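Listed below are the residues making up each chain.
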Amino acid sequence: MRLPLRHRPPDHEPAAHRCLHLEQLAAAAQGLSLRGAATALTRDRSRGRFGNALQWHFGLESHDGEAKLDWEDRIEIKLVTVWARRDGRLVCDKLKVCDLGVDPWHKLSNVLWVFVDRVSRVVIGHRFFRLAGPARERLARSWGADPHFQRPDLFVEARQSGDQIAPAYYLAASWFRREGLFDGIEPLFGFDGAWWAAARRRARGREPAIALSWQGAERARCGHCGGRIRRSPEYQGFVGFFPGLHELPLAPSCAARGHVILEGERLPRCHVSSVEEQLRDIQGLTPPEQLWRLTDRVAEPDDHEH
């Protein structure tokens, strides 16, 4: 159910904020896998676990639901999950901005958008954004627009879980493309949402395990038990994404969940980790004692330039 906006757009533009330290962290995050941190820090089914993992890698605590901005109350950090359609076009889902009691215009005043691949959970790009000029004027048209028939870019949606109703502000998925935020961002993998959801149901909520293939191989090695996984002939692959069938022998834990094969050549290089660290983390194989933090590998500048 969609509801009218509660907060009126401000009649002034926000001040521009930047931070050299955050800019360096964002650049260094290219190719970073968030799976290990998400697994170690949050419950497996937590909706915002990868956003929490990104905050942790940037040296922050989770600030979900708070009115202040994530980075020194000057810049909001938002993870945007993206994937490739069959035609190779980059897409995303609608994105939660904040809870209904928080001013969305403040949350969107200065934002670092971090784009993360839906399947591998690897960072593939970022954009800094300020809600000013024509972009601000276009989004402000959402105020007073009918939330159902006029399809505003910013809207309130009330989601119900059991007896609890949690209304929140959302940005339409199409807004990112119209504002040019996807320009220059190359997608990694496709995503078969119907197959993924069915595999999760069969595994009682556990996401499919990821295996990597190379040079067009039809089979990949399971990182969890060492067995072989082959591309399922029942499903047509998406861009670099192939549902897999685990061959015998296999561990009991592997028998109880789905499997997907990703083409490893598509992965971007991460310049603050080894290739082995990156590939191990993507497959969910990072031991807790080997978990590392991005902020520990990026030197903080003496002058943040603000």
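Please refer to the structure placed before this passage.
Residues numbered from 1 in each chain as written. Predicted model: local features only at pLDDT ≥ 70, side-chain atom pairs only at ≥ 80, totals over all residues. Heavy atoms only, no water.

### With respect to the sheet that holds strand β11 (residues 228-231)
Hydrogen bonds between backbone atoms are what pair the strands of a sheet, whose relative direction is either parallel or antiparallel.
Now for step 1: Taken together, the 5 strands give an open sheet; going across it, the order is β9-β13-β12-β11-β10, and neighbouring strands pair in mixed fashion. Unpaired on one side and paired on the other, β9 (209-213) and β10 (219-221) mark the two borders of the sheet. Here the average twist between neighbouring strands, direction ignored, is 40°.
Now for step 2: Its contacts with the sheet put helix α7 (residues 193-202) on β12 (241-246) and β13 (259-263), and the angle it makes with β12 is roughly 30°. (Pairing = 2+ DSSP bridges. Helix = DSSP H or I, 4+ residues; strand = E, 2+ residues; numbered from the N terminus. Axes fitted to C-alpha atoms, helices over the stretch in contact; angles between N-to-C directions. Contact = heavy atoms within 4.5 Å.)

### Observations concerning the sheet that holds strand β6 (residues 123-130)
Now for step 1: One open sheet holds the 4 strands; their spatial order is β3-β2-β5-β6, and the pairing between them is mixed. Two strands bound the open sheet, and with one partner strand each, they are β3 (90-92) and β6. Taken over all neighbouring pairs, the strand axes of this sheet differ in orientation by 35° on average, direction set aside.
Now for step 2: Of the strand pairs in this sheet, strand β2 (residues 76-84) and strand β5 (residues 110-117) are connected by 7 bridges, and their pairing is parallel. Following the sheet pairing, threonine 81 is matched in β5 by valine 116.
Now for step 3: The strands that helix α1 (residues 20-28) touches are β2, β5 and β6; relative to β6, the one it contacts most, it runs at about 150°.

### Focus on the side chain of histidine 304
Now for step 1: Mapped onto the elements, histidine 304 comes out in the segment after α10 (294-297).
Now for step 2: In terms of polar contacts, histidine 304 uses its side chain to reach the side chain of glutamate 300, at 2.8 Å. (Polar contact = N/O pair within 3.5 Å; in protein donor to acceptor, adjacent residues only side chain to side chain.)

By themselves, these observations are geometric and do not establish any function.
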